[in-house]
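So the chains spell out like this:
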Amino acid sequence: MPNPMQQMLAQAQRMQRELKKAHDELEQKEFKVSKSGMVELVVLGSRKIKSINIDKDALDPENKEMLEEAISLALNEALEQIAKENDEIETKITGQKGMMF
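**What about the pattern of salt bridges?**
Here is step 1 of the chain: Summed over all chains, the structure comprises seven salt bridges.
Here is step 2 of the chain: A salt bridge links Lys35 to Glu77; the nearest nitrogen and oxygen atoms lie 2.5 Å apart. One end of the pair, Lys35, is in strand β1 (residues 30–35); the other, Glu77, is in helix α2 (residues 64–94), with 42 residues separating them in the sequence.
Here is step 3 of the chain: In this structure, Glu68 engages Lys64 in a salt bridge whose closest nitrogen and oxygen atoms are separated by 2.5 Å. Of this pair, Glu68 and Lys64 both sit in helix α2, four residues apart, roughly one helical turn.

**Regarding a negative patch on the surface**
Here is step 1 of the chain: Taken together, the side chains of Asp55, Asp57, Asp60 and Glu62 define an acidic patch exposed on the protein surface.
Here is step 2 of the chain: Mapped onto the elements of the fold, Asp57 is located in the loop between β3 (49–54) and α2.
Here is step 3 of the chain: Judged by its relative accessible area of 57%, Asp57 falls in the exposed class.

**Quick look at α2**
Here is step 1 of the chain: Taking 1.5 Å per residue as the helical rise, α2 with its 31 residues ought to reach 45 Å, and the 45 Å between its terminal C-alpha atoms agrees with that figure.
Here is step 2 of the chain: Listed as buried for α2 are Leu67, Ala70, Ala74, Ala78, Ile82, Asn86, Ile89, Glu90, Ile93 and Thr94.
Here is step 3 of the chain: Buried residues in α2 make contact with α1 (4–28), β1, β2 (39–44) and β3.
Here is step 4 of the chain: Positive backbone phi, approximately 90°, marks Gly95, located one or two places after α2.

**Comments concerning unusual backbone geometry**
Here is step 1 of the chain: One non-glycine residue, Ser36, lies in the positive phi region at around 55°.
Here is step 2 of the chain: Looking at where Ser36 falls in the secondary structure, it is placed in the loop between β1 and β2.
Here is step 3 of the chain: You will see that Arg47, though not glycine, has its phi angle at about 75°, which is positive.
Here is step 4 of the chain: Mapped onto the fold, Arg47 is located in the loop between β2 and β3.

**A few points about the pairing of β1**
Each regular strand carries side chains that alternate between the two faces of the sheet.
Here is step 1 of the chain: Relative to β2, β1 runs antiparallel, the two sharing six bridges. The partner of Lys35 across the bridge, within β2, is Val39.
Here is step 2 of the chain: Taking the residues that link successive antiparallel strands as the turn, the β1-β2 hairpin has three residues, and the phi of Ser36 there is positive, at about 55°.

**Things to note about the side chain of Thr94**
Here is step 1 of the chain: Positionally, Thr94 belongs in helix α2.
Here is step 2 of the chain: Owing to a relative accessible area of 13%, Thr94 belongs among the buried residues under this scheme.
Here is step 3 of the chain: From its side chain, Thr94 meets the backbone oxygen of Glu90 in a polar contact 2.6 Å long.

Analysis parameters
Residues numbered from 1 in each chain as written. Predicted model: local features only at pLDDT ≥ 70, side-chain atom pairs only at ≥ 80, totals over all residues. Heavy atoms only, no water. Salt bridge = Lys/Arg side-chain N within 4 Å of Asp/Glu carboxyl O. Helix = DSSP H or I, 4+ residues; strand = E, 2+ residues; numbered from the N terminus. Patch = residues over 30% accessible without salt bridge, like charges linked within 9 Å, V, L, I, M, F, W, Y side chains within 5 Å. Areas by Shrake-Rupley, 256 points an atom, 1.4 Å probe, with all protein chains shown as cover. Lys, Arg positive; Asp, Glu negative; His and termini not counted. Charge placed at Lys NZ, Arg CZ, Asp CG, Glu CD. Buried < 20%, exposed > 50% of the residue type's maximum accessible area, 1.4 Å probe, protein only. Expected span 1.5 Å × (residues − 1). Contact = heavy atoms within 4.5 Å. Pairing = 2+ DSSP bridges. Polar contact = N/O pair within 3.5 Å; in protein donor to acceptor, adjacent residues only side chain to side chain.

Structure, rendered in C-alpha cells:
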C-alpha cells in the first residue's frame, strides 16, 4: 500500500501533466474578436497575433483614431478571453487559479 506522501506526489505529477496538456491546447486555440465592423483580430492562446483584418472603408485618414481604438479594444478583449480561459483551466485542474507547478 503506497504511503500518503507517494500518493500526494503522484497526484501532483498527474495535475502537472494535465495542466501542461491543457496549456498546450490553449496555446493553439484561436480567439477571434471583431470591433465596429472595422477590424477583426485572431489571437492565439499563446498571445501571438495570427491575423488582423481591417475593413478597407476604415482606412480613411479621418477614421485613424477610431481605427486605432478598435484595434486596441479588440486586442485587449482577446487577451482578456485568453486570461479567463487560462484561469478556468487552472481552477478546474488544481482547484485554484494562479497555482504554478
